[in-house]
Every structure is written in structure tokens, then in C-alpha cells.
Amino acid sequence: MPVSGYASATSVKAGETLTFYFGLVDSRRTTRLTTFIIENVADATVTGRFNATVRVQATPAQDAWKGFGWTPTLAFQVPANWPSGLYRLIYINDGVTQNVLSFVVAPDAAQSSARTLLHVSYLTPAAYNNSGGRGFYSPRDENDAVDRARKVSFDRPSLYPRLAEDESPDIYINEAKLLNWLHDADQPIDCCSSIDLHSDPALLCHYDCLVLAFHDEYWTKAMRDHCEAFVRNGGNIICLSGNTCYRQVRLENNNRTVVFYKYAQLDPMRHENLDEVTVAWTEPPVNRPQNHLLGVGFTQGAFSLAGRDRRPYDICFPDHWVFQGIDAQQTSPFLFYETDAAAYVDEDDGYPRVTGEEGTPLNTTILAKADLRHWFSKPGRATMTIFSRNGTVFNAANTHWIAALGSDPVVDQITRNVFARLARPVPWNWEHVGEARNATAMAATDGKLFLCTSENDLWRRYPVGAHVPWTKIGHANHVTTMASADGYLYCVTSDNLLWARPLLQADAGWQRLGQGPAAGTKAIAGASGMIYAIDSNGALHRRTAQRQAGPTFTQMPWIAPNRDIVALTTYSDILFAATSTNRLLRTNRDFISESDDWHDLHHCNFAIGLAVVEWMLYVVTSENALWRIDLSGVQHP
């Protein structure tokens, strides 16, 4: 006599009440007295039990997937001392443990000592749940006489196997397995449900790190907005799954109904708010690829149900901190089911670099990759990535990462390294990302770094956050400082002449435009159609970036001179400078023309040249090193 059921909420705080709705399934008896056990999946010492009389409850004859509407069985008050976590409700039937449902004890975030939060998805299980006869995947064929559901309710028993694997109901996987792994590693962590992440815009403010796990496919707009704001404000994300944030849904009926039309032309919201139409995030009219938040997406990923055809990740940058303590070149062959990926190309020098398609940040580093084209579904890629946008986002990009925990030492060590670094705020500091020998100047444009050397060569490099080589593309004779503007490179040479050349990836002639400031030129930068220059006295000058002789530099006397400045660049309409005293400066307003002084930000040692790609500031030093620092969180001084 199996018992099924559902709860009145996906999460509840300690001390609050949760209502359970139980029903007998295929029973010849009308009632059954059952002993139920509730336990924390990561800590068996946190448990409780109660008896309840379970009655036969009928499945509604029509539209059951929209809610069963059962009579409540029991109101359960969660003990006030129960910690935040994932809990399962079970009973024992003929000696066999039977899962009924799960719920989250949400944290009192203001009182919690944990600084890491795990999101337990309840939207994806709702989508795949066919209880009541339909779900978002049943029937699969849109041409069937019976359409799949457009709306499904949490008020129905779950047929989604979140908590069991290999048909063994007492073996927990995925979020539960991760929580056990973190518990054994003494990593404090709180849990929230999808509804918490959706409804509480202040929830993430109490944490340094958000963890996304298992199959977290379905998201609301509010969830997405809250997570993107979290990263912008310096929060870190550890994503240990694939197919993450692939589809957008809405919530109705006090957040108890999940809405997903799949096709824009079917969704009545297309006449009201295009941003909330329920389609894949990449598709119109939403046009908001998840790559912007997570670095990767399912568009470039892979899909396979062939369990025997599992593949490993190939490690691309073994010296990266993510792989500290690892000697192997591959993981075990655990990749299976669904993977995410960033669009990338393999450079001739033997490393992958992202192309920036679908909003993947150009500063994203592909840590490991897998060629899965033989799966014959989608482009057939998987890319493990990391990038920063004030906060840092690590993405394992496969649905079976957690399944490999405990059996693959490489996956274990990577996970340990990532939590050790990202479970707390990442200090704002320079990151060593490579070498740059004999540099005399540096600039950036078109998503690339350009370097002049004392050998009079011009080199190009992509903004990969790891040690990758420079490629020689031409000559640059006697260059002392360089900048970019309007798709051209500008430089000043040792004889104080100003030159320009187009962004060809091969040798090209430099066009003479005139002279630098009369007192000599120490550094130049380009912004908004202007070339800015620091002269030998530290005064700031500017001229238009016209590629013709005629315009001359004029001083901006309202900005205080600084004789220590040796390198210059721009981010947005802000000038950044490095000094001979090893300091990083910025103009003291968010618009150059409104500034009147320089503000000291941070150290910047032995600078030769500065350049910005997206929001990352790069410095090349006299010690032949290339470093970068994230400017996306730099505020008005």
C-alpha cells in the first residue's frame, strides 16, 4: 500500500509549520496508520518522526496536473533547532525505505553563520513530474492529440527521482550527495528552494557564494535577476551541473503553479511583457542567453542518453589554481546526459579561447573541454570555465559532476579547490595570467591585447586568464606608449611623434599623424573618439582621434598634474594610470571631463603599459609579467 504525498511549501523556516497531504495509492484499505520519518540528508542525527492516519485520496478526474486538492493529513511544526538543509520524508514498508517527498529548511539568513548557500531546484522536478497524467514533457510530441501541460502545480505527488538512483530508494544522489560531501569536508552551507531564490531579493545579500547543483534547468526572471545582481556585487557562483538556467518559467497562484509554454506564439504573456515569455533564455523575444551569468550555455553543449558512452574532461591549463594538487591530464569518463559549453576556437598554439558568442565574457578561461560531437546531438561540446565580473563564476558544465564525487579523485580535488577559493570573498587584487617579455607599451581593442617590444615588434594576445603565448603580427619601431581608439592602434615613438595603424592581424604600415605634447609624452590612452596624453611634467592633454595631420594636443589644466604617471588606459569614461611609485590611480569622477584630480586605488608594481578588455585591467611589467585585475566593481571614489 504505497503512500504518496506533497507538502504545502517547498521550504519552511525552523519553528514554522508545514502541512502534509498524504494519500494511499492502489490500496484495498481505506486507511492506514503510518509512521513517518523526517531526516536531514547530510546529518542523520537531525531527525524526527510522527504517526499519521493516511486515507485513500482520489486523483482529480480532470486537469490533475494543475493540483490534486487533497485534504490535509497533518500540520507539522519544524523544530526550532533544526538547521537549514535538505530534508526527506520517508516511511518503512516491509523493511524497505520509501521516499514520499523532500523539502528545504530555509535559513534565517541574518542569523546564520554559513556564508555559502545551495540552491535546491524545485522548478525542474515540477517540469519533469508527470503526476496527474501530464507534465512539461508528456506527451513529448506537440502533434499528439493530447497536448503536454502548460501549467503544473506543486500540489501533487512527485514522480521525479531526485532522491533515488538505480531504483534503490534509500540511496540519495545529487544535492543530497553534495551536502554529505560538504558535511564531511566541514564546509558550512545553508539551503534554499527555487521559491526562496525567486521571492526574496535580499536572500543572497547574506552570502559570499551561491552553489547551483544537479539539473537546475528552469528559472524565473526574478531568480536570474537576483543572481546576476549577486555577482555584480561581488558574490561568487559555483555551478556543479549542466543544462543550468536553460528555460524561463513563470510562477502563479501564490508561487504554487509553474507556467511554461515553450513556444513564444503560444504564451499570452507575449502581449504584455516580452521579458517574461516562457521560452529558452536564448530565444526571442527574451534574447537573454544564460552565458552572461554562467559563462556557458546549452546551445553549444551536448546531449546523450547512452549511459555507456561517457567521456572525460581534458585539462587545458594544468597550472591554473583550479587544478592545484592534480597531476592527471584528464578526469575519469563521467560526462553524460547534458553538458553546457561556451563557443570557442582552438588556437594554433594549442589552447582554446572563447569567441564571446551569446554573451560569454571574453575573459572566460576554458579550464577543461570535451569533444562530444559523436553524441550526435547539438554542437557536441563541454567546457569547464571560470570568469570574473566583480564576483567569480566557476562552471563544471555537466549534469553528472556530483555523481563523480567520491569516485574520481580529480573531480574531488577540483571541487575542494573551488570551494576553498570561492566559498569566501575573493580579495580584490592582481591575478598573474602570463608573460610579456621586453615590453615597451600595451593597448587593447577588439577583444585583444597588443604589445610593443624593444625589438620593435608588435604582438597580439587573447585575454585568456592563463599562460598563453603572444603572436607576432607586425612591426612597431621605437614605440614608448600605445593606445587604441575607433578600431585603430595609436602610438608615440621615442622622438615624440604620433602614429596610427589599422587592426590588421598582419604587418601594416603606421601613418604619421603629428606630434605628442610639446613637453614630451609619457603615456597615452583612447576613449570616446579622443586620445589622452600625459606629458613629461605629468599634465594631461587630449586631441581628437582623427587619423590625419592637423589636430594637436591641448592641455586639460583643471586636472591636477602627476609626474609619477608612466602608463595610461581607459575603462568606460574613466582614466586609469600606473605610476613609477607602483600605484594604480583613476580620475576622481566617472567622466574624464568632470574630473579634477587623481584617486589612489591600489598597488600596481613595475608597470610598463596598461590595457582594458571588457572590465578587466591588464598590466605588463618590467619583470616580463602580465597581470590583470577586475574593474567591474570599482566605485566612485
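What comes next is a walk through the structure. Since this is a predicted model, take the numbers as computed values, not measurements.

1. Details of the overall build of the chain
For step 1, the next point in the chain: A count of helices and strands for the chain gives seven helices and 44 strands.
For step 2, the next point in the chain: For 637 residues, the compact-globule formula gives about 26 Å, and the C-alpha radius of gyration of the chain, at 29 Å, lands near that figure.
For step 3, the next point in the chain: For the chain, the spread of C-alpha atoms along the three principal axes comes to 100 × 55 × 50 Å.
For step 4, the next point in the chain: Distance between charge centroids for the chain: 3 Å, based on 54 positive and 67 negative side chains.

2. With respect to the packing of aromatic side chains
For step 1, the next point in the chain: Scanning the entire structure with this criterion turns up 25 aromatic pairs.
For step 2, the next point in the chain: Taking 4.1 Å as the distance between ring centres and 15 degrees as the angle between the ring planes, the aromatic pair formed by Tyr128 and Tyr137 counts as stacked.
For step 3, the next point in the chain: Residue classification places Tyr137 among the buried positions, given a relative accessible area of 17%.
For step 4, the next point in the chain: Between Tyr218 and Phe260, the ring centres sit 5.4 Å apart and the planes meet at 90 degrees, which makes this aromatic pair edge-to-face.

3. A word on the environment of Ser622
For step 1, the next point in the chain: With respect to the helices, strands and loops of the structure, Ser622 is situated in the loop between strand S43 (616–621) and strand S44 (625–630).
For step 2, the next point in the chain: When near neighbours in sequence (up to four residues on either side) are disregarded, Ser622 contacts Phe606 and Ile608.

4. Quick word on the nonpolar core
For step 1, the next point in the chain: Tyr313, Phe394 and Ile414 are the most contacted members of the largest nonpolar core, which totals 97 residues.
For step 2, the next point in the chain: When residues in this core are grouped by element, the largest group, six residues, is from helix H7 (residues 409–422).
For step 3, the next point in the chain: In this structure Ile414 touches Val322, Phe323, Ile326, Met384, Phe394 and Trp401, once residues within four positions along its chain are discounted.
For step 4, the next point in the chain: If you look at the next biggest cluster of nonpolar residues, it comprises 23 residues, including Val46, Phe50, Tyr87 and Val105.

5. Topic: the pattern of salt bridges
For step 1, the next point in the chain: This model, assessed by the stated rule, comprises 21 salt bridges.
For step 2, the next point in the chain: Here Lys66 and Asp63 are joined by a salt bridge, their closest N and O atoms 3.8 Å apart.
For step 3, the next point in the chain: Given a relative accessible area of 38%, Asp63 falls into the partly exposed group.
For step 4, the next point in the chain: Glu435 is the salt-bridge partner of Arg437, the closest N and O atoms lying 3.6 Å from each other.
For step 5, the next point in the chain: Ionic contacts of the salt-bridge type, sharing partners, join the residues Lys221, Arg224, Asp225, Glu228 and Arg288 into one network.

6. Some points on the pairing of strand S9 (residues 116–120)
For step 1, the next point in the chain: The buried fraction of S9 is high, at five of five residues.
For step 2, the next point in the chain: The two faces of S9 match: Thr116, Leu118 and Val120 on one face and Leu117 and His119 on the other face are all buried.
For step 3, the next point in the chain: With four bridges joining them, S9 and strand S12 (residues 209–213) adopt parallel strand pairing. By the bridge assignment for S12, Thr116 is matched with Cys209.

7. Quick look at the environment of Phe20
For step 1, the next point in the chain: Tracing the backbone shows Phe20 in strand S3 (residues 17–24).
For step 2, the next point in the chain: The buried category is assigned to Phe20, whose relative accessible area is 0%.
For step 3, the next point in the chain: Between the C-alpha atom of Phe20 and that of Trp70, which follows or precedes it by 50 residues, the distance is 9.7 Å.
For step 4, the next point in the chain: Each residue touching Phe20, except ones within four places of it in the same chain, is listed here: Tyr6, Ala7, Ile38, Phe50, Pro72, Thr73, Leu74, Phe76, Leu89, Leu101 and Phe103.

8. Looking at the sheet that holds strand S30 (residues 479–485)
For step 1, the next point in the chain: Pairing in this open sheet of four strands is antiparallel, and the strands run S30-S31-S32-S33 from one edge to the other. At either margin of the open sheet sits one strand with a lone partner, and together these are S30 and strand S33 (511–515). Sheet twist, expressed as the mean angle between neighbouring strand axes with direction ignored, is 25 degrees.
For step 2, the next point in the chain: Direction of pairing for strand S32 (residues 497–502) relative to S33: antiparallel, over a ladder of four bridges. Its bridge partner being in S33, Leu497 is matched across the sheet by Gln515.

9. Things to note about unusual backbone geometry
For step 1, the next point in the chain: Put simply, Pro284 and Pro285 share a cis peptide bond, and its omega is 5 degrees.
For step 2, the next point in the chain: Relative to the helices and strands, Pro285 resides in the loop between strand S16 (257–259) and helix H5 (291–294).
For step 3, the next point in the chain: Of note, Asn287 is a non-glycine position whose phi angle comes to about 50 degrees, a positive value.
For step 4, the next point in the chain: With respect to the element layout, Asn287 can be found in the loop between S16 and H5.

10. Details of helix H2 (residues 175–184)
For step 1, the next point in the chain: Residues of H2 that are buried include every one of Glu175, Ala176, Leu178, Leu179, Trp181 and Leu182, and no others.
For step 2, the next point in the chain: Looking one or two residues past H2, Asp186 carries a phi angle of roughly 55 degrees, positive in sign.

11. Digging into H7
Because the α-helix completes a turn every 3.6 residues, residues three or four places apart line up on one side.
For step 1, the next point in the chain: Compared with the 20 Å implied by 1.5 Å per residue over 14 residues, the 20 Å span of H7 between its first and last C-alpha is a close match.
For step 2, the next point in the chain: By the burial criterion, the buried members of H7 are Val410, Val411, Asp412, Gln413, Ile414, Thr415, Asn417, Val418, Phe419 and Leu422.
For step 3, the next point in the chain: Capping the start of H7, Asp408 holds a side-chain oxygen 2.8 Å from the backbone nitrogen of Val410, two or three residues further along.

12. Overview of the environment of Ala126
For step 1, the next point in the chain: The topology assignment puts Ala126 in helix H1 (residues 123–128).
For step 2, the next point in the chain: Taking the C-alpha atoms as reference points, Ala126 and Val277, 151 residues apart in sequence, are found 18 Å from one another.
For step 3, the next point in the chain: Dropping the residues within four chain positions of it, Ala126 is found in contact with Val152, Phe154, Arg156 and Val258.

13. A look at the side chain of Thr481
For step 1, the next point in the chain: Following the sequence through the fold, Thr481 ends up in strand S30.
For step 2, the next point in the chain: By relative accessible area, Thr481 is classed as buried at 6%.
For step 3, the next point in the chain: Within the local environment of Thr481, its side chain forms a polar contact with the backbone nitrogen of Ile524, the two atoms lying 3.0 Å apart.

14. Regarding the sheet that holds strand S36 (residues 540–544)
For step 1, the next point in the chain: In space, the four strands of this open sheet follow the order S34-S35-S36-S37, with antiparallel pairing throughout. Edge positions in the sheet fall to strand S34 (521–527) and strand S37 (554–555), since each has one partner strand and no second.
For step 2, the next point in the chain: In terms of strand pairing, S36 meets S37 through two bridges, oriented antiparallel. Within S37, the residue paired with His541 across the bridge is Gln555.

The rules behind these values
Residues numbered from 1 in each chain as written. Predicted model: local features only at pLDDT ≥ 70, side-chain atom pairs only at ≥ 80, totals over all residues. Heavy atoms only, no water. Helix = DSSP H or I, 4+ residues; strand = E, 2+ residues; numbered from the N terminus. Rg over C-alpha atoms; globule rule 2.2 N^0.38 Å. Lys, Arg positive; Asp, Glu negative; His and termini not counted. Charge placed at Lys NZ, Arg CZ, Asp CG, Glu CD. Phe/Tyr/Trp six-rings, centres within 6.5 Å; stacked < 30°, edge-to-face > 60°. Buried < 20%, exposed > 50% of the residue type's maximum accessible area, 1.4 Å probe, protein only. Contact = heavy atoms within 4.5 Å. Core = buried A, V, L, I, M, F, W, Y, C linked by side-chain atoms within 4.5 Å. Salt bridge = Lys/Arg side-chain N within 4 Å of Asp/Glu carboxyl O. Pairing = 2+ DSSP bridges. Axes fitted to C-alpha atoms, helices over the stretch in contact; angles between N-to-C directions. Expected span 1.5 Å × (residues − 1). Polar contact = N/O pair within 3.5 Å; in protein donor to acceptor, adjacent residues only side chain to side chain.

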